[in-house]
Structure formats: structure tokens, C-alpha cells
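# Residue-level structure breakdown
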Amino acid sequence: MMLVICVKKCGIDEEKLSKDAFLLLQSYDDMSEEDINHFTKDDVVYALEIFNEDYVTFPGDDIAKLFDDYASEQKKLA
């Protein structure tokens, strides 16, 4: 979802986002380490649903914080 918000803020159109997101599907799924957390088409569709003006106001600093929290958590798991 964070990526979708950033893309919207950068002015990239929804068609390009959708195409690129589905191209990344397999790469993201390949990162799955357990059967219960596969990255699926439904995950892409859900993220694309927030591609609208309501989320453009989501502050960049908050996005950065969420990403930093996620990245830190992933480093702990590695």
C-alpha cells in the first residue's frame, strides 16, 4: 500500500502502476518463506484499491516511518 501511495503522489498513472504491480507479483511471492504468507494477486488488487485521491494526503513522513519500521523488522528476521 505504501508503494501505491508514493506512486500516486508522484503522478504516475494507474494503468502503469497496475501493469508494474502485476509484473512484480512473482518476485514478491518468491520472497515468501512460509506457505501462509504468499504474496498473491489479491494482495495486488487490494493495494491498487487505494489508488485514489483520499490517500494522496497521507503524509510522506508517515510513509517513511512505516517503511523504516518495516525494514527494521525485516533486518531483525534475517
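What comes next is a walk through the structure. The model shown is predicted, which means the values in this text are computed figures rather than measured ones.

Rules of the game
Residues numbered from 1 in each chain as written. Predicted model: local features only at pLDDT ≥ 70, side-chain atom pairs only at ≥ 80, totals over all residues. Heavy atoms only, no water. Helix = DSSP H or I, 4+ residues; strand = E, 2+ residues; numbered from the N terminus. Contact = heavy atoms within 4.5 Å. Areas by Shrake-Rupley, 256 points an atom, 1.4 Å probe, with all protein chains shown as cover. Buried < 20%, exposed > 50% of the residue type's maximum accessible area, 1.4 Å probe, protein only. Arc of directions from axis to C-beta. Polar contact = N/O pair within 3.5 Å; in protein donor to acceptor, adjacent residues only side chain to side chain. Core = buried A, V, L, I, M, F, W, Y, C linked by side-chain atoms within 4.5 Å. Patch = residues over 30% accessible without salt bridge, like charges linked within 9 Å, V, L, I, M, F, W, Y side chains within 5 Å. Salt bridge = Lys/Arg side-chain N within 4 Å of Asp/Glu carboxyl O. Axes fitted to C-alpha atoms, helices over the stretch in contact; angles between N-to-C directions. Parallel < 35°, antiparallel > 145°, perpendicular 65-115°, else oblique. Left-handed = near helix turned anticlockwise from the far one by under 90°. Nonpolar A, V, L, I, M, F, W, Y, C, P; charged D, E, K, R; others polar.

### Digging into the overall build of the protein chain
Along the backbone of the protein chain there are four helices and zero strands. Partitioning the contacts of the protein chain with sequence separation of at least 6, the portion at a separation of at least 24 is 68%. With the model as given, the accessible surface of the protein chain reaches about 6,200 Å², and the carbon-plus-sulfur share is 56%.

### Focus on helix α3 (residues 41-48)
Among the residues making up α3, those that are buried are Val44, Ala47 and Leu48. Looking down the long axis of α3, one finds its buried residues gathered within 100° of arc, a one-sided arrangement. Tucked inside the fold, the buried residues of α3 contact α1 (2-9) and α2 (14-30).

### Side note on the side chain of Ser32
Structurally, Ser32 is set in the loop between α2 and α3. Polar contacts involving the side chain of Ser32 include one to the main-chain carbonyl oxygen of Asn37, which spans 3.2 Å. In contact with Ser32, not counting residues within four places along its chain, are Asn37, His38 and Phe39.

### Section: the nonpolar core
A general trend in soluble globular proteins is that nonpolar side chains are found buried together. Formed by Val4, Ile5, Val7, Leu17, Ala21, Leu25, Val44, Ala47, Leu48, Ile50, Phe51 and Ile63, the largest nonpolar core amounts to 12 residues. Of all the secondary structure elements, the ones that give two or more residues to this core are α1, α2 and α3.

### Concerning a nonpolar patch on the surface
Taken together, the side chains of Leu3, Leu24, Tyr28 and Met31 define a hydrophobic patch exposed on the protein surface, amounting to about 390 Å² of accessible area. Tracing the backbone shows Leu3 in helix α1.

### Some words on the packing of α2 against α3
Taken N-terminus to C-terminus, the directions of α2 and α3 make an angle of 155°; their axes are 10 Å apart at the nearest point. Our classification of the angle between α2 and α3 gives roughly antiparallel. Note that α2 runs across α3; the crossing there is right-handed. Only Lys41, Val44, Val45 and Leu48 of α3 make contact with α2, whose side of the interface consists of Glu14, Leu17, Ser18, Ala21, Phe22 and Leu25. When the residues that make up the contact of α2 with α3 are grouped by side-chain class, the tally is seven nonpolar, one polar and two charged.

### Side note on α1
Since the α-helix packs 3.6 residues into each turn, any two residues three or four apart lie on the same face. Burial in α1 covers these residues: Val4, Ile5 and Val7. The arc enclosing the buried residues of α1, seen along the axis, measures out at 160°, which places them on a common side.

### Digging into the pattern of salt bridges
Overall, the coordinates contain one salt bridge when judged by the stated rule. Here Lys16 makes a salt bridge to Asp20, at a shortest N to O gap of 2.9 Å. Placement of both Lys16 and Asp20 in helix α2 is noted, with a separation of four residues, approximately one turn of the helix. By relative accessible area, which is 43% here, Lys16 ends up partly exposed. Residue class for Asp20 comes out partly exposed when judged on its relative accessible area of 28%.

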